Structure formats: structure tokens, C-alpha cells
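# Inside the fold
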Amino acid sequence: MFFAIAILSAFLVTFVLLPVVIKVTKSISLLDLPDRRKVHLEGTPSMGGIAIFMGFMMAVLITLPTSDLVSNKYLFSAISLIFFLGIRDDISSLIAHQKLITQVFAATLIVFLADIRLTGLYDIAGIGALPFGLEYLLSVCVIVTMTNSFNLIDGIDGLAASLGIIILLFFSWIFVSVGAMDLALISFAVLGSLLAFLIYNWHPSRIFMGDTGSMILGFLISTMAIKVINVSDGLAINSFIDIQSSVALVISCLIVPFYDTLRVFTIRFIQGRSPFSPDRNHIHHSFLKLGLNHAQATQILATYNILMIALALLLNSTFSNSILLSILFGTTLAFGTLVDHLVSKRKMLGATAKLEASKTMAISKSA
């Protein structure tokens, strides 16, 4: 009952607030303007994260018991900090290290005060426990990295919200299975906000979530991911699903933003550029280069994410974290390589067509 209330209240608050945010941002010309690296063609409101945050917080206040609100106070404090950081960045862009410092501080609140952290490497490459202090550093790095991964993947209409809905649905299922009702309610609350936002963000988008929304989403999902790893390790859901490789299972949920981040950082490094310099080398840009629209690209990547989760669930009780991670990354690398090959082939065909057309025009002119 409370799950339905969390989803519905978050949905309604976000849905009601979004037209207000759109109207206000347009009235003060606070728009995301098109440029050479962006794919939208006109100025679009980009502070949808305000409505997402308000809907999420209202649902949490309505559904969570006071004791759970108190026990999760550091989580809400850190998310609020990320919220204000996002607003500041959406109004007037911050440079990378300014955002990074605040993100690290918020992640430190989570790891040290809320004690939400990885407890080791979970036998990946045969490594279990880590030396004292290193697990805290690893946890902070994971939260900051995934926060920025969602910031990077939010490049076309509907993509970040769709991936967030898929991931949070899965996380909610795990939390309900282990009886972590407070975390399930928090996940459902964000889910309700994203469902409302997606109505306005589906192609053609009327509003973007902006850094405010993408950083809140990435921060919350990365925090919940660590909790899922710890609570689901060794969990037997039923006779068919026995979770023995919780890290690989969580990575399967995050595979699209994780792969995209590795992809763009590698390309920028090879090109001798800063890893934070913007470009159009993201996986979603590749689908647009193939002639697909935003909705089609989003549907393909969301479907791929679901398939990876299904694959990880199917193989989880069979393979260790190391082997299953190799399968997931190998499959995703092959998928990305195929997409890049198709893009290159399309470019070659286009270049050939232009060359043939120019030859034909030259012959016709001389005749």
C-alpha cells in the first residue's frame, strides 16, 4: 500500500510542478541553448530536476516513518547537497573540479556517516577484503564516478529517465525481497518522479532534467547500488534465482552508463583531451548518426539494459563475479563495436554517394 502511495504522490507532485518549471525558466530565458555538441535544435528548459527532487522528497515525507527518516538523514542531506550543486550548475556552469569537490564531500557523508560502503572486492580477481581505509576510498570513487556517468548519459530525450526507471524497479524488487522497506520506498519515490518526468521528456522533449536531475539520479542510484550489492549477496529469491555474484548483477543494471563513460573517457584520452571535455562520441550519439531519432535510440539502449539484467540473473548462480563481469563487458564491447562499425559504414556510403554525385554533376556540366 505504501509503495503505491510513494509512487503516486511523487508522480503527482512532479507532474504538477513540471509545467510551472517550464513556464518560469522560459520567462527568465534560463534555457539549454543548442551548440555544436548538442543534438536539440532550439532552446529548451533544463531544470526538470527541481520537480523530480520535490516529488521525491514529498513522497518520502509522506510514506517513510519518522524513525526511517532519522536513520536516513545523511542520505537525504547528501542528496540535498547534490540538488543545490545541480541548480548552481544549471544556472551558471561550474568548472569540473568545483563540481567534483562537492560530489566527493557528499559521497563522503554517505560512506563515513551513513556507513553505506563496499566491504571489499567480493572475490573479484580473487581479492576479498581490502586494507583498512581503502574500501572507504573505493566507495567514494564509485559513488562519484556513477554520479557523473548519469550526467554523461543524459544526452538525448528520455534516456536517463528510462534507464533510471529500469534500474530502480530492479533495486526496489531486491529491497522488498530482503525486507529493507525504507530503501524500497525511497526507490519507489524516485521511480514515481521519473515516470512523471518522462511524459515531458519523451521525444520531442519539452524539458530536460539538467545537471540537477542527472546528478541526483546518479548519486541516488550509485548509493542504492552499494546497498543492493551488500544485502543481496548470497540471497536466494526463489528456486530459480540464487544471487551469488551481486557485484556483477548490479553492474548489469548500470552497464549502459558505465560503458558509455569508459568509452568517451578512452576516446578523449586517445585524442589527448581532458576526460571532462564535451563531445558527441557517446553511444547514444552513434545511434543518431545511424539515422534513428531520440525515441528509437532510447528504446534500443533501454532494451539492451534489460537484456543484460536478464542475462546476469540467468547466469548469476553459475559464474563468479569475475567471470560474469567479463561476459557482461565482453558482450557490451561487442555491441558497441558493432554500432561503431555500422556508423563507419554509413559514413563511407555517404561519402561515396557524394563523390558519385559530384562526378555526375561535373560530367553533365562539361557536356
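Now for a look at the structure at hand. All values derive from a computational prediction rather than experimental measurement. (Residues numbered from 1 in each chain as written. Predicted model: local features only at pLDDT ≥ 70, side-chain atom pairs only at ≥ 80, totals over all residues. Heavy atoms only, no water.)

### Looking at empty space enclosed by the protein
- Taken as a whole, this structure holds 1 cavity of 30 Å³ or more when the rule is applied.
- In this structure, the largest cavity occupies an estimated 40 Å³ of space.
- Ile255, Val256, Tyr259, Ile283, Leu301, Tyr304, Thr332 and Phe335 together form the lining of the largest cavity.
- For the lining of the largest cavity, the elements supplying multiple residues, two or more each, are helix 11 (255-270), helix 13 (294-315) and helix 14 (321-366).
- Tallying contributions element by element places helix 11 first for the lining of the largest cavity, with 3 residues.
- Residues of the lining of the largest cavity, tallied by class, amount to 7 nonpolar, 1 polar and no charged. (1 Å grid on protein atoms, 1.4 Å probe; cavity = no way out; pocket = protein on both sides within 12 Å on 5 of 7 lines; lining within 4 Å. Points joined across faces, edges and corners; volume = space filled by probe spheres on them. Helix = DSSP H or I, 4+ residues; strand = E, 2+ residues; numbered from the N terminus. Nonpolar A, V, L, I, M, F, W, Y, C, P; charged D, E, K, R; others polar.)

### Some remarks on unusual backbone geometry
- Of note, the amide linkage connecting histidine 203 to proline 204 takes the cis form, showing an omega dihedral of 0°.
- The topology assignment puts proline 204 in the loop between helix 8 (181-201) and helix 9 (210-232).
- In the Ramachandran plot, serine 29 falls in the positive-phi region, its phi being about 55° despite a non-glycine side chain.
- Tracing the sequence through the fold places serine 29 in the loop between helix 1 (2-27) and strand 1 (31-32).
- Although it is not a glycine, aspartate 115 sits at a positive phi angle of roughly 55°.
- Of note, aspartate 115 is situated in the loop between helix 5 (96-113) and helix 6 (134-153).
- Given the relative accessible area of 45%, aspartate 115 is considered partly exposed. (Buried < 20%, exposed > 50% of the residue type's maximum accessible area, 1.4 Å probe, protein only.)

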